[in-house]
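Fold and contact review
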Amino acid sequence: MNADLGSLRTPLCDLLGCEYPVVLAGMGGVARSELAAAVANAGGFPTLGMVREAPSLIISEIEAYRRLSDHPFAVNLIPAATEPDLLQQQIETCLAMEVAVFSFFWDVVPEAVSRVKTAGGLLLHQVGTLRAAREAEAAGADVLIAQGQDAGGHVHGRTPTFELLPAVLETSALPVVASGGICTGLALAEALAMGAQGVQCGTAFLATQESFAHDCHKRRIVDAGPQDTVLTDGFVLNWPKGSAVRVLRNSVTDGFGTDLMGHDPDAIPREVIAHDDDIPRLRQSTDSPLRTTTGALEQMPHYAGTGLGEIVEIVPAARRLLDLCTEAAALRDIAGRAQASGEGAA
């Protein structure tokens, strides 16, 4: 498919220092150095998922990334779901490592935004509602990531991606990135046509060779369809009460029956079902199975967005990125020619 990939370039690419307007979501545990570097080296913008991770791991992952790539990157932290002392250590560690770009999510914590901005950092803030978008912009965010309920993993709002996107675009003067259920070039092309300056992809990159997700998680994404995802707050241990996630159905969600929402973390038994090395993983925690995980993997959350039906094989991250961009560029070229032809006829 011949296409001008340069036609995809937006001001966001110049701001972030990438070739294509595709951001790797900062998936906790999954978006480690190998995946981030693969996306960066192929022209996308990578994010290291470091939610609640120890400063020592943040340091080792940044060092590993820099051995693999010299492209800019972001570190994803979740201020509202991280103990304050640890959050401060994470931010200070990143700044000491000369991290220039941060990605935040969940409730806006102005103090955390201020610390990054005071140090001269660039901040992308993912939001799921118009209220959060306004709060993030007021706090000092540089880019808004509008996440729709189609997204896999933690979902902050309840509005579909392509309904939330135009609303955020109308509300904010900041660059806006669309996120949630985006796994194809068609979705990228549609987002750009609506005014987004880029897209953020999680599920599409989770099912790649470089992803740190366990193979069982990758295979389930390849084998499943949109009807196999559910939104539930049943996987909530170690996150605030009411935090919803989109996951693939499993024995745990089947056990919820119709009660997918309304789970109180204080009432959930702390049952160890798996381990990452010597770290125990609890049933109904938010921890998904990683390469290092052993135990009852089927009972753990397998995050996936509604676009997973388009993912039919596990491929290198570079191939997934370039396939997505090539399709989007071709569609934009076709649309451009059709528009020019129509104007000529008129």
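Being a predicted model, the structure only gives us computed values, none of them experimental.

Reading the values: rules and limits
- Residues numbered from 1 in each chain as written.
- Predicted model: local features only at pLDDT ≥ 70, side-chain atom pairs only at ≥ 80, totals over all residues.
- Heavy atoms only, no water.
- Helix = DSSP H or I, 4+ residues; strand = E, 2+ residues; numbered from the N terminus.
- Rg over C-alpha atoms; globule rule 2.2 N^0.38 Å.
- Buried < 20%, exposed > 50% of the residue type's maximum accessible area, 1.4 Å probe, protein only.
- Contact = heavy atoms within 4.5 Å.
- Lys, Arg positive; Asp, Glu negative; His and termini not counted.
- Salt bridge = Lys/Arg side-chain N within 4 Å of Asp/Glu carboxyl O.
- Phe/Tyr/Trp six-rings, centres within 6.5 Å; stacked < 30°, edge-to-face > 60°.
- Lys NZ or Arg CZ within 6 Å of the ring centre and 35° of its normal.
- Domains from an automatic or database assignment.
- Buried area = accessible area lost by both parts, 1.4 Å probe.
- Polar contact = N/O pair within 3.5 Å; in protein donor to acceptor, adjacent residues only side chain to side chain.

1. Describing the overall build of the protein chain
In terms of regular secondary structure, the protein chain is built from 12 helices and 14 strands. Its C-alpha atoms give the protein chain a radius of gyration of 19 Å, near enough to 20 Å, the size a compact globule of 346 residues would have. Seen through its principal axes, the protein chain has C-alpha atoms that stretch 70 × 45 × 40 Å. Per-residue burial for the protein chain yields a buried fraction of 57% across its 346 residues. In the protein chain, once contacts between residues fewer than 6 apart in sequence are set aside, the share between residues at least 24 apart is 63%.

2. Here's the deal with the side chain of aspartate 233
Its location among the elements puts aspartate 233 in the loop between strand 10 (229–232) and strand 11 (244–248). For the buried aspartate 233, which has no salt bridge, the nearest side chain bearing the opposite charge is arginine 158, at an N-O separation of 6.9 Å. Setting aside anything within four residues of it in sequence, one finds aspartate 233 in contact with Gly242, Ser243, Ala244, Leu260, Met261, Gly262 and His263.

3. Some thoughts on the packing of aromatic side chains
How two aromatic rings sit relative to each other is set out by the distance from centre to centre and by the angle between their planes. Enumeration according to the criterion identifies 5 aromatic pairs in this entry. An angle of 90 degrees between the planes, with centres 5.3 Å apart, marks the rings of phenylalanine 105 and tryptophan 106 as edge-to-face. Members of the aromatic cluster, joined through ring pairs, are Phe105, Trp106 and Trp239. The ring of phenylalanine 212 carries arginine 32 above its face, with NZ or CZ at 4.5 Å from the centroid.

4. Some points on the domain arrangement of the protein chain
The domain architecture assigned to the protein chain consists of domain 1 (9–213 + 311–328) and domain 2 (215–308). Relative to domain 2, the C-alpha centre of domain 1 lies at a distance of 22 Å. On the domain 2 side, the residues contacting the 32 residues of domain 1 number 27 residues. In this assembly, domain 1 packs against domain 2 so that about 2500 Å² is buried in total across both faces, 60% of it on carbon and sulfur atoms. Remark: the boundary between domain 1 and domain 2 carries 1 salt bridge. Residues arginine 291 and glutamate 34 are paired through a salt bridge, measuring 3.0 Å at the closest nitrogen-oxygen approach. Our enumeration of links across domain 1 and domain 2 arrives at 15 residue pairs in polar contact (both at pLDDT 80 or more). Mapped by element, the contributors of at least two residues to the side of domain 1 that touches domain 2 are strand 7 (153–155) and helix 9 (203–206). No other element matches strand 7, which puts 3 residues into the side of domain 1 that touches domain 2.

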